[in-house]
Each structure stands twice: as structure tokens, then as C-alpha cells.
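Inside the fold
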Amino acid sequence: MVFFTRYFIVALPSALVLVWSIVWSSIVNADWVNLTGAETAQNIAEIYVLDDHVKVKLEVYVGNYDKFEELVPDEFLQNSYSAAIDDDRPSLHQRMQTFADQRLQFITEDGTKLSAKLVLVEPRTRIDRKSVYAGKLNPYTKKIIQTAPADKRVLYAEIIYPFSKKPQQLTIIPPLNQRGKVELSLGFIAFHKSVPIVDFRFLGSAAKLNLDWQDPWFTKFESRSLSRHHSYPLMLYLYVEPRIVRLESLMRINDITQWSNFTINDSALSLEEKHYRLREHIRKYFMSTGELQIDGEARIVDVVSVEFLKVALSGLSIIDDITKVDPAATLVGVSQQYYVTALPQNINTRWRLFNQRVSSIPVTVTDPAGPLNGLVDKLNPDVSWQNFLKTYQEPTIIPVDIETGFSLSLPYIGETKIINALPDEEQAQEIISAVLENVRVAFVEKQDDDFMRVLGKAISSTQAITVKKELEKLYSPQVKGGVGSVQTFNDVQIHNIRKLKSLGSLPDGFSATISGSAIIKAQHWGHVDQRQVDFQLLLDLIEDNNQWKLSDLTVIDLK
């Protein structure tokens, strides 16, 4: 059994915690970030191992043409240097022999060096492979992550290395100098058919690639430093949140179809329809399976959502076009959701689906204090979480009772306002911030009845449905994988305050135009989607039974 508890982690010796963190940072991350900077290297190679050849798409930095001179066409040399071509220059066939022997080499397990054929070569502008961390400090190496060259000119070439017999191993050797050291910066990414083998890395020495032709998912480099994120064929994630518990899993299409006995024999169906039926089959399968207990009670899942995902350079991305689902390279993301009224004290589940070729699978449990990692296998398939959070507080509506104007305490009536007045700037700031936070708390609720009940404590409006739709634009925006939520508001500024139209003899509220930013966050299948949105809102607020509430809201701008 894998037992997740904050007490367990705190009780570990500090050295053991450090080792645990280092080991698991290389196995599974909540949100993967490539810090090598290889995608912005001066030279880039995309390598594809296909059924009868290796295909290389090469971008050669303009300052490194001399290192790949064999690829430069005669007419490009002449146009570039305005000089006559040397009559002794080898033919293209001879140059490609040299290229395959001395530049970018592919050698099979029996020592056969693959020949190379130039398919296309032309000047281009380098592909902008954006890296948000380029130019920043790598926290592990303490070195600055390189940025892409300022000069975007490259020599683009497509080269194939044919083979008649499928190799079981390929050794890839970058351009080396006479001392056997790599002589240029070469970032590369590799695929076996459509399956990514490695994320962007530097090819700084010979790299041995073991090929699995039966299942390319298990093709991998011998060096552990040349591996991709999401390398496991099955991964589990348990999210423990204030009003919901989510058990999420990532698995391959071939595995889930085998486990759930899914078949389609109707040849008349389109590929799109087959994938729709597969997704619905998976959803129904997980609606009826699973053993999850919350506080000792066996629970039936409330909602199951299913998405097709691909492993991209920045992590997982949802495949919006279902016709582009490639079973070999696609992961199925399943989210089983269980509604709760408060954060549980303990959760127990047992995972019964295992891949025959992998003896254990990683599990990440994330609660309000952050993620914890572990492993489960067939002999120990149980996952448990215990609530030992010391400072956690349930999200609650806090009445906004900031007094404006002038009130008297009258016998038999109590505190009664006799003079209304617009709040000053400090009061307005306090009222607006507190009301915005109360609405945020309402959006923590996941079930409609509970949401409307709690929202009723934060808003006072006869147009609740209209206000709710406007609020959803800011508080629950659509993100990849589902719906995001506001975590915090920042830099809220009031641009003007106006009297609200009176309902009686005295004004009972005020209207304000505000701007600011909000941090939006969503977590699904180990991926954290967090970003900042800037907003401009028009708010109407009224004092209802001595409590300030939102009466109306219009989103003026949101980006």
C-alpha cells in the first residue's frame, strides 16, 4: 500500500527527504518543464525512425555552414560568396558519403553505417521553438539557459538514411572534431514512427537507441538522461480539494481497449465516429468500476470525463480534432470526480489495471499543501491518503459589514442607518475586495444547488442567472482539460465610484468601475495550467440587511 500523509513526509530525516525528492523529480513531475535549452540550440535535428529509413530534418545555423559544408549546394555557395565553385569540389553523392561517415552518423547493432541521401536543401528562417525559461537561471545547474540565436537564418535540409532490415539498435553520433569531441551545439528530438522517444536534448556524444518495433512506446535511449517526460504507459493522480476528490489516470489507447474489451467491427463507421464511441465506452467503463472510499464510505463516482491527449514539448496537450488521434502516440486521460462537502479525513482506493510490461506505476497525490509521490504495483495496488493538514481552513463566506453613512441604535429596532453616503476610497476598496473574495468562495462549490445557495450569500440580485453567466467568464474560464478557477486577485484598482439609483428616499449602494488581475489555475492529469488574466469590471453593490453584496456585474474586458 502507498500511504500518503503530510506527517510521514515531515517525519523523514532531511537527507532522506532530499534523496526522495531528487529521485522523484526524475520520474514524474506535476508540470514538466524542459530546462536544457536544447530547443533553442544553434543547430536543430529532428530525427524520425520509420519502417525502412531514418529521416532527419536539420536546421543549420548560418554561422555553422562550414561544419555541414557537404549539404551546401553549389549554387548557394556561389550566390553567397560571389566566387566561382572549386572544380575539385566533390559531387553531391560523394559529399553525402562523407556526411554519413563523418558528420551525422547512424550505425546499427552489427556495425553497419547507414548511407545518407539528401532529399531537400534550401535557406529558411529557423522555427521559433519558444522557451519561456530561455535567458533565465537553471535552478539545478546554476547556469543561464541559452536563448535562440539572434540571426534566424538557417540552412534547412531533409536527409534520409535507408535500411532494408529493421535494426534493433541505432547509435547516433553527432559531428566530432579530430579529438573526438562534439564540435557544435546540436539540439535534437527523436521519434519512433509517431511516438516521441526523447524531449529536446543536446546530442553531445554518441547515443545508443534501442528500438522496439512491436511497440514503439518502449523504444528508448540507453542513457537515462535521454528520456522523455510521461515515459510511463500508465500514471495515476489523486487530487484532494475542498469540494471534490478526483482520481485521474493517463493510459494508452491499446491498454484501455484491452482492459475494457472494446471492439468495433463496423467498417462503415468513420474514424471520427469510432473515436467518439471509444471515448463514450471508456466513460461508461469508469462510471461502473473503481473502489474509492472517502472517510470509510464506498463512493459511486459522480462525473467521469475523458480526453485524448498527446505528449507535446511543454507537457500534455488535448487533441481537439478527434480525427487526428493516433493510437500509438495518444494517451487517454480519465478524470473520475467525487463530490464532497468538506475536505475528507482519509481516502482509500485500489488500482487494478496494470500494463504487463511495467511492474510498477507512479502515483501523485495532490492536496492543498502540494504534491506527494509514490509507486503502486500488482502486489501493492492500494493508495491511501490521510489528512494531517494543520493550517487548512474550509472556504467560507465572510459577511461584509463595513459601515458607511450614519446609523443609530433605536429601541426595539436595533442598529438603523439614517443617513446613507458613498463609501470613501478606502472603504470602497475594502468592500469590493471582500465581495470579490466571497464570490470566489461560492465558485468553490461543485454542485449546482450548493453553488446557488452559497452564491446567494454573496450576491443580491433579481437577475441571478444573468449575473451568474457574467461571473463565470472571470471565475470559471474554460482551460485545457476542463474549467479553471480564480486563486487570488491582484492589483485591484477603483477608477470611479458613482451613486446607485435609489430604490427609496436614500441611495442603497454604489456602482464602481474596477480593473485588476486574477491568477487562474487548473490541475489535470499531472499538468498545472496557471496563468494571469487582466480584467475590467463594472460592479453594482448594495447594502442588504447591513451586509454588502454584489447586485450586478458586467465584464468590460478580460484578457
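Residues numbered from 1 in each chain as written. Predicted model: local features only at pLDDT ≥ 70, side-chain atom pairs only at ≥ 80, totals over all residues. Heavy atoms only, no water.

1. Description of the packing of aromatic side chains
As enumerated under the stated definition, the model contains 11 aromatic pairs in all. Between Phe 443 and Tyr 475 the ring centres are 5.1 Å apart and the planes differ by 10°, which places this aromatic pair in the stacked class. Placement of Phe 443 in the loop between α7 (425–442) and α8 (448–455) and of Tyr 475 in helix α9 (residues 464–475) is noted, with a sequence separation of 32 residues between them. Of the two residues, Phe 443 and Tyr 475, neither departs from the other in class, the shared state being buried. Here a set of aromatic residues connected by ring pairs shows up, and it is made of Phe 443, Phe 451, Tyr 475, Phe 489 and Phe 535. In this structure, Arg 124 is placed above the aromatic ring of Tyr 156, and the distance from its NZ or CZ to the ring centre is 3.7 Å. A cation over a ring is seen here: Arg 246 above Tyr 239, with NZ or CZ 4.3 Å from the ring centre. (Phe/Tyr/Trp six-rings, centres within 6.5 Å; stacked < 30°, edge-to-face > 60°. Helix = DSSP H or I, 4+ residues; strand = E, 2+ residues; numbered from the N terminus. Buried < 20%, exposed > 50% of the residue type's maximum accessible area, 1.4 Å probe, protein only. Lys NZ or Arg CZ within 6 Å of the ring centre and 35° of its normal.)

2. A look at helix α4 (residues 92–103)
Among all positions in α4, only Arg 95, Met 96, Phe 99, Ala 100 and Arg 103 are buried. Seen from one end, α4 has its buried residues packed into an arc of 140°, which puts them on one side. (Arc of directions from axis to C-beta.)

3. Focus: α7
Between its first and last C-alpha atoms α7 spans 26 Å; for 18 residues at 1.5 Å apiece the expected length is 26 Å, and the two agree. Regarding α7, the residues found buried are Ala 428, Ile 431, Ile 432, Val 435, Leu 436, Asn 438, Val 439, Arg 440, Val 441 and Ala 442. (Expected span 1.5 Å × (residues − 1).)

4. Regarding the sheet that holds strand β7 (residues 169–173)
Ordered by their spatial adjacency, 4 strands build an open sheet running β4-β7-β10-β11, and the pairing between neighbours is antiparallel. One side of each edge strand has no neighbouring strand; the edge strands of this open sheet are β4 (105–108) and β11 (220–221). Bridge analysis of β7 against strand β10 (residues 207–210) gives 4 bridges, and the strand direction is antiparallel. The partner of Ile 172 across the bridge, within β10, is Ala 207. (Pairing = 2+ DSSP bridges.)

5. A word on the layout of surface pockets
Each pocket or cavity is described by its volume, and for the second largest pocket that value is around 1,200 Å³. Lining the second largest pocket are 38 residues, with Glu 241, Phe 443, Val 444, Lys 446 and Ser 485 sitting closest to its centre. Sort the elements by how many residues they give to the lining of the second largest pocket and strand β28 (residues 509–524) lands first, with 4 residues. Looking at the lining of the second largest pocket residue by residue, the class counts come to 15 nonpolar, 12 polar and 11 charged. (1 Å grid on protein atoms, 1.4 Å probe; cavity = no way out; pocket = protein on both sides within 12 Å on 5 of 7 lines; lining within 4 Å. Points joined across faces, edges and corners; volume = space filled by probe spheres on them. Nonpolar A, V, L, I, M, F, W, Y, C, P; charged D, E, K, R; others polar.)

6. Some points on the confidence of the model for the protein
Within the protein, residue pLDDT values average 85, and 85% of them lie at 70 or more. Segment residues 7–32 is flagged for pLDDT under 50; beyond a separation of four residues in sequence, or across chains, it makes 28 contacts in the model. (pLDDT = per-residue confidence, 0-100. Contact = heavy atoms within 4.5 Å.)

7. Side note on the pattern of salt bridges
Scanning the model with the defined rule gives 31 salt bridges in all. The partner of Lys 193 in a salt bridge is Asp 51, and the shortest N-O contact between them spans 3.2 Å. One end of the pair, Lys 193, is in the loop between β8 (186–192) and β9 (195–202); the other, Asp 51, is in the loop between β2 (43–49) and β3 (53–61), and 142 residues separate them in sequence. The class for Lys 193 is partly exposed, based on a relative accessible area of 34%. (Salt bridge = Lys/Arg side-chain N within 4 Å of Asp/Glu carboxyl O.)

8. A short note on the environment of Pro 395
Residue placement: Pro 395 occurs in the loop between β22 (382–386) and β23 (406–410). Leaving out residues up to four positions away in the same chain, Pro 395 has contacts with Pro 242, Arg 243, Val 441 and Val 444.

9. Section: the side chain of Gln 337
Tracing the sequence through the fold places Gln 337 in strand β18 (residues 330–339). Taking relative accessible area as the criterion, Gln 337 reaches 14% and is therefore assigned buried. There is a polar contact of 3.4 Å between the side chain of Gln 337 and the side chain of Ser 335. If we ignore the near neighbours within four places in the chain, the residues touching Gln 337 are Ile 244, Val 245, Arg 246, Val 301, Asp 302, Val 303 and Ser 305. (Polar contact = N/O pair within 3.5 Å; in protein donor to acceptor, adjacent residues only side chain to side chain.)

10. Section: the environment of Ile 244
Along the chain, Ile 244 falls in strand β13 (residues 244–252). You can call Ile 244 buried: its relative accessible area is 5%. It is 9.2 Å that separates the C-alpha atoms of Ile 244 and Val 444, two residues lying 200 residues apart in sequence. Excluding residues that lie within four positions of it along the chain, Ile 244 makes contacts with Tyr 239, Gln 337, Tyr 338, Tyr 339, Val 340 and Lys 446.

11. Notes on the environment of Ala 518
The topology assignment puts Ala 518 in strand β28. Taking C-alpha positions, Ala 518 is 7.8 Å from Phe 535, a pair spaced 17 residues apart along the chain. Those residues within four positions of Ala 518 in sequence are excluded, and the remaining contacts are Leu 474, Val 486, Thr 488, Phe 489, Arg 531, Gln 532, Val 533 and Phe 535.

12. So, the nonpolar core
Formed by 55 residues in total, the largest nonpolar core has its most connected members in Met 251, Phe 286, Val 332 and Trp 351. Counting residues per element, this core draws most heavily on strand β12 (residues 234–241), at 7 residues. (Core = buried A, V, L, I, M, F, W, Y, C linked by side-chain atoms within 4.5 Å.)

13. A word on the pairing of strand β14 (residues 291–294)
Taking every second residue as pointing to the same face, the buried face of β14 carries Leu 292 and Ile 294, while none of Glu 291 and Gln 293 on the other face is buried. Direction of pairing for β14 relative to strand β19 (residues 346–350): antiparallel, over a ladder of 4 bridges. Bridge pairing in β19 places Ile 294 opposite Ile 347. Where β14 meets strand β15 (residues 297–299), 3 bridges bridge the pair, whose relative direction is antiparallel. Across the sheet, the residue bridging to Gln 293 is Ala 298, located in β15.

14. As for a negative patch on the surface
On the surface, a cluster of negative charge is made up of Asp 424, Glu 425, Glu 426 and Glu 430. Mapping Glu 430 onto the fold places it in helix α7. (Patch = residues over 30% accessible without salt bridge, like charges linked within 9 Å, V, L, I, M, F, W, Y side chains within 5 Å. Areas by Shrake-Rupley, 256 points an atom, 1.4 Å probe, with all protein chains shown as cover. Lys, Arg positive; Asp, Glu negative; His and termini not counted. Charge placed at Lys NZ, Arg CZ, Asp CG, Glu CD.)

15. Overview of the sheet that holds β8
A sheet is described by the order of its strands in space; here 6 strands give the open sequence β5-β6-β3-β2-β8-β9, paired in mixed fashion. Looking at the sheet topology across the chains shown, the edges are occupied by β5 (117–125) and β9. Averaged over all pairs of adjacent strands, the angle between their axes in this sheet comes to 15°, without regard to strand direction. The sheet contact formed by β2 and β3 spans 6 bridges and is antiparallel. Its bridge partner being in β3, Tyr 48 is matched across the sheet by Lys 55. The strands that α4 touches are β3, β5 and β6 (153–162); relative to β6, the one it contacts most, it runs at about 85°. (Axes fitted to C-alpha atoms, helices over the stretch in contact; angles between N-to-C directions.)

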